[in-house]
Amino acid sequence: MKFDTPAGRNPIDQLKVIGKPTDRIEGPYKVTGTAPYAYDWHDPTLTPLYGFVVGSGVAKGRIAGMDLTTAKAAPGVVTIVTAETAGPLGLGQFNTAPLLGGPEVAHYHQAVALVVAESFEQARAAAALVRVDYDEAKGAFDLAASRGSAKAAKIQTNPAETAIGNFEAAFGKAAVRLEETYTTPNEAHAMMEPHASIASWEGDALTVWTSNQMIDRSVSDIVKTLKMPKEKVRLISPFIGGGFGGKLWIRSDVILAALGARQAGRPVKVALTRPLMFNNTVHRSGTIQRIRIGADTDGTIIAIGHESWSGNQVGGRPEGAVAQTRLLYAGSNRMTAERVAALDLPESNAMRAPGEAPGLMALEMAVDEMADRLGMDPVQFRIKNDTQVDPEKPERPFSQRQLVAALRDGAERFGWSKRVATPGQVRDGRWRVGLGVAAAFRNNQVMKSGARVRLGADGMVTVETDMTDIGTGTYTIIGQTAAEMMGVTLDKVVVRLGDSSFPISSGSGGQWGANSSTSGVYAACAKLREAVTQKLGFNSDDAVFEDSQVRSGNRSLPLAEAGELVAEDAIEFEGLANKYQQSTFGAHFVEVGVDAATAEIRVRRMLAVCAGGRILNPKSARSQVIGAMTMGVGAALMEELVVDKTRGFFVNHDLAGYEVPVHADIPHQEVIFLDEVDPISSPMKAKGVGELGICGCAAAVANAIYNATGIRVRDYPITLDKLL
Ligand code: MOS
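Criteria and thresholds
Residues numbered from 1 in each chain as written. Predicted model: local features only at pLDDT ≥ 70, side-chain atom pairs only at ≥ 80, totals over all residues. Helix = DSSP H or I, 4+ residues; strand = E, 2+ residues; numbered from the N terminus. Rg over C-alpha atoms; globule rule 2.2 N^0.38 Å. Buried ≥ 20, exposed ≤ 12 C-beta atoms within 10 Å, placed from the backbone. Pairing = 2+ DSSP bridges. Axes fitted to C-alpha atoms, helices over the stretch in contact; angles between N-to-C directions. Expected span 1.5 Å × (residues − 1). Parallel < 35°, antiparallel > 145°, perpendicular 65-115°, else oblique. Left-handed = near helix turned anticlockwise from the far one by under 90°. Contact = placed C-beta atoms within 7 Å. UniProt positions renumbered as here; feature names shortened; annotations may be inferred. Core = buried A, V, L, I, M, F, W, Y, C linked by C-beta atoms within 7 Å. Domains from an automatic or database assignment. Nonpolar A, V, L, I, M, F, W, Y, C, P; charged D, E, K, R; others polar.

Chemist: I keep staring at the overall build of the chain and nothing clicks. Help me out?
Modeler: Each helix and strand in the chain was counted, giving 17 helices and 33 strands. The C-alpha atoms of the chain give a radius of gyration of 26 Å, which matches the 27 Å a tight globule of 724 residues would have. The C-alpha extent of the chain, read off along each of the three principal axes, is 80 × 75 × 50 Å. Across the 724 residues that make up the chain, the buried fraction comes to 57%.

Chemist: Whenever I open this one, the sheet that holds strand 13 (residues 233–236) confuses me. Can you help?
Modeler: On the basis of which strands lie adjacent, the open sheet formed by seven strands has the order 4-6-2-14-11-12-13 and mixed pairing. Because the sheet does not close on itself, it has two edges, and the strands there are strand 4 (77–82) and strand 13. Averaged over all neighbouring strand pairs, the angle between strand axes comes to 20°, with direction disregarded. Judged from the four bridges that link them, strand 11 (residues 196–202) and strand 14 (residues 268–271) form a sheet pairing that is antiparallel. Paired with Ile-198 across the strands is Lys-269, a residue of strand 14.

Chemist: Got a minute to help me understand helix 13 (residues 474–486) in this structure?
Modeler: In an α-helix there are 3.6 residues to a turn, and that puts residues three or four apart on one side. Over its 13 residues, helix 13 runs 18 Å from end to end, which matches the ideal 18 Å to within 8%, given 1.5 Å per residue. Of all 13 residues that make up helix 13, 13 are buried, and the element is covered over most of its length.

Chemist: Explain the packing of helix 16 (residues 618–637) against helix 17 (residues 697–709) here, please?
Modeler: The relative placement of two packed helices is expressed as an angle between their axes plus a distance between the axes. Where helix 16 contacts helix 17, the two axes come as close as 7 Å, and the packing angle between them is 55°. As summarised for this structure, helix 16 and helix 17 are arranged oblique, according to the angle between their axes. Remark: the crossing between helix 16 and helix 17 carries right-handed chirality. Contact residues: helix 16 offers Met-629, Gly-632, Val-633, Ala-635, Ala-636 and Leu-637, while helix 17 offers Cys-697, Ala-698, Val-701 and Ala-702.

Chemist: Looking at this structure, how should I read the pairing of strand 6 (residues 111–117)?
Modeler: Successive residues of a regular strand alternate their side chains across the two faces of the sheet. Across the seven residues that make up strand 6, a large majority, seven, are buried. Across six bridges, strand 2 (residues 49–55) lies against strand 6 in antiparallel orientation. What sits directly across from Val-53, in strand 6, is Leu-114. In terms of strand pairing, strand 4 meets strand 6 through five bridges, oriented antiparallel. Paired with Val-77 across the strands is Ala-117, a residue of strand 6.

Chemist: What should I look at first to understand the UniProt feature "domain: Aldehyde oxidase/xanthine dehydrogenase a/b hammerhead" (unreviewed entry) in the chain in this one?
Modeler: Listed under "domain: Aldehyde oxidase/xanthine dehydrogenase a/b hammerhead" (unreviewed entry) in the UniProt record, and renumbered for this structure, are residues 32–138. Helix makes up 16% of residues 32–138 and strand 33%, with an end-to-end C-alpha separation of 50 Å.

Chemist: Would you mind going over the environment of Thr-96 with me for this structure?
Modeler: Here Thr-96 shows up in the loop between helix 3 (83–86) and strand 5 (104–105). Residues Thr-96 and Ala-106 lie ten residues apart in sequence; the distance between their C-alpha atoms is 9.7 Å. For Thr-96, the residues in contact, after removing those within four places along its chain, are Asn-312, Gln-313, Gly-315, Gly-316 and Glu-347.

Chemist: How do you make sense of the nonpolar core when you look at a structure like this?
Modeler: In a soluble, globular protein the nonpolar side chains are often hidden away together inside. By size, the foremost hydrophobic cluster in this structure holds 130 residues, and its most contacted members are Ala-482, Met-486, Val-701 and Ile-705. With eleven residues, helix 10 (residues 356–374) is the largest single contributor of residues to this core. Structurally, this core is a two-domain feature, drawing no fewer than three residues from each of domain 1 (2–35 + 446–577) and domain 2 (356–444 + 582–724). Ignoring anything within four residues of it in the chain, the contact list for Val-701 reads Gly-436, Val-590, Val-592, Val-603, Gly-632, Val-633, Ala-636 and Leu-637. Core analysis: the next-biggest nonpolar cluster, separate from the first, contains 84 residues, Val-77, Leu-114, Met-191 and Leu-248 among them.

Chemist: It is not clear to me how the sheet that holds strand 30 (residues 601–611) should be interpreted in this structure. Could you clarify?
Modeler: Judged by pairing direction, the sheet is mixed, and its five strands sit side by side in the order 20-21-29-30-33 without closing on themselves. Unpaired on one side and paired on the other, strand 20 (427–428) and strand 33 (669–673) mark the two borders of the sheet. Here strand 21 (residues 431–443) pairs with strand 29 (residues 583–595) via 13 bridges, running antiparallel. Following the sheet pairing, Val-433 is matched in strand 29 by Gly-593.

Chemist: Where do I start with the domain arrangement of the chain in this structure?
Modeler: The extent of an interface is frequently quoted as the accessible surface area lost upon association of the parts. Partitioning the chain into domains gives domain 1 (2–35 + 446–577) and domain 2 (356–444 + 582–724). Domain 1 puts 26 residues into the contact, and the matching count from domain 2 is 26 residues. For the side of domain 1 that touches domain 2, the secondary structure elements donating two or more residues are helix 13 and helix 14 (513–536). If one sorts the elements of the side of domain 1 that touches domain 2 by residue count, helix 14 sits on top with five residues. Tallied by class, the residues present in the side of domain 1 that touches domain 2 amount to twelve nonpolar, twelve polar and two charged.

Chemist: Please clarify how the environment of Thr-32 should be interpreted in this entry.
Modeler: Here Thr-32 shows up in the loop between helix 1 (27–31) and strand 2. We classify Thr-32 as exposed; it has 8 C-beta atoms within 10 Å.

Chemist: Sorry if this is basic, but what is going on with the environment of Asp-491 here?
Modeler: One can find Asp-491 in the loop between helix 13 and strand 24 (493–496). Judged by the 10 C-beta atoms lying within 10 Å of it, Asp-491 is exposed. Each C-alpha atom, one on Asp-491 and one on Leu-557, is 20 Å from the other, the two residues being 66 residues apart in sequence.

Chemist: What should I look at first to understand the packing of helix 10 against helix 17 in this one?
Modeler: One can describe the packing of helix 10 onto helix 17 by two numbers: an axis separation of 8 Å at closest approach and a directional angle of 40°. In terms of their interaxial angle, helix 10 and helix 17 are classed as oblique. Seen from above, helix 10 lies across helix 17 with right-handed handedness. Residues Leu-360, Met-361, Glu-364, Met-365 and Asp-368 of helix 10 form the contact with helix 17, whose own contacting residues are Ala-698, Ala-699, Ala-702 and Asn-703. Partitioned by chemical class, the residues of the contact of helix 10 with helix 17 number six nonpolar, one polar and two charged.

Written as structure tokens, this is what we have:
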């Protein structure tokens, strides 16, 4: 199905199942431990061996020699994979550094060997006996030091630099000016389930059970890396214990399990241990961001400039931290620039709201500072500079843009009018109390997505698509979509996901998953409805699918009467994307308390108001937003991969050292979804909220801390030592 005109009224608009707060249909499997995750038992006929990854002990250099003698002789060891035994490997499109290093080493903890043994303990013990000698080379590990050599770099089709009007001249003569530099640290996805895979060969055909967000493109990357035909690879990823972008690609577990299994002639399972996760896989790059804003005394922005520097391995992408500044506020003179410095740290890549999340940490603090300089309320300052068109391309309106409504609604609900503008004035016992606000912004990407839908003779509807559920609730919204389209209740729908033998979907990423994948299911169901009406002799134009019946006029037949039918289709988004800018908007409001003596920071209240198109399942959507807000608190106050600038690795490589919020850190969170239906976006009229919820949240925390204390910390995370 080609989608290139705004969606008209369609069966989804009935809202009998869609739009209703609905429990996860796969929830019982998860809470009873029967949902098979990557490392679990998938095929009772297989008895896998265990692989343990040996990570490089240096960040840059060459392996001078490897001594495997002792390791090979250790109990239970079957084989050891190294670059020498593996032979030449390719590089996947979404990998920057090779997943198996040697003789060159690209980063610390890059895999250099896999020890395969009968048990996990034997593999681990033998891995410690692998002796590697390195010729260590000097690397670049410090973003600030490498900033000068950074190069302009683009992400996908987004330009590296944009310029509208004359920024320098307008900024130079602006009545009120702000020029500040903000930094955000390297961050880790730190999802609950680490990367893990089981690989099994049957002749030259490979099956991999793994934990992955993007099935089809990961199959393509396996094929590129192992240099084999695509039809010989099957990837299965039915349940995923969190991804946050870290599983948008294959990592060393997939390739090493496949190589180990080939070498051993038996299936092999590989899980990355938590200490390997932080340096062996990818992370969000730290950024240095310079923001300049110039305004008239009435608060009208006349110049806005945002430059960002991030780091990556050579050939890697920048952290696109200026993306939102191109679209969020009006202002006729503008400039943005994205630059990436070559570093020898592990490769960086997308993490939840790549670009916008760290970009808004800086921009929304700068906007707060600017409001302060203007003596304006920060909510009013944002409202004053709203725009209904893309400020860089005024001929492109936003399909929907409810930033102002989100700010007004949030301010009202949160009691913003009681905020004391002068910082450091409000005390509650030992706590200094402050309120902060920030805008939320995340683009709405739409992706081609396909599905297959079967009708059974028993009236059951089965959906198959290679879409993934990374803890987001995909099973449920796909089930709801099929139920709505076919006029059945949710318990009459079976949803099967995460298998490359199913039709190719959008996958889970960039908050496009919910809208894109359900649109693919919509397309397949539309075809199935055609097939049903044809079989039952109804006119497809006025047939109503309801209560497991098909009706037209006074004629009505059970859906099951149509017997076994199958339909497959994909949605392809065309045309509209060029006429409209599609984005999601929101507002975060945060109250913090800062201990007057110790500077301990506690978040006391949080509210997010979101406008992200039709909300398919308010229950799972709310879960997405509160999870994202929690991650926003982590970004504001705790998360930081500490770089050893001499040895070139992340020092805090476990969950004791890499801190994320726990329940006790988070107060009750309120989430409001504004009424929004976006017919430009898709036939579902939905968008996404999974990443919108983190966008701006950290800045709202930072702005609340400033309001509480009068101290402006521009260097995240805002730990208490920076307030003393
Ligand atoms: Mo998201 S970082 O595109 O999974």
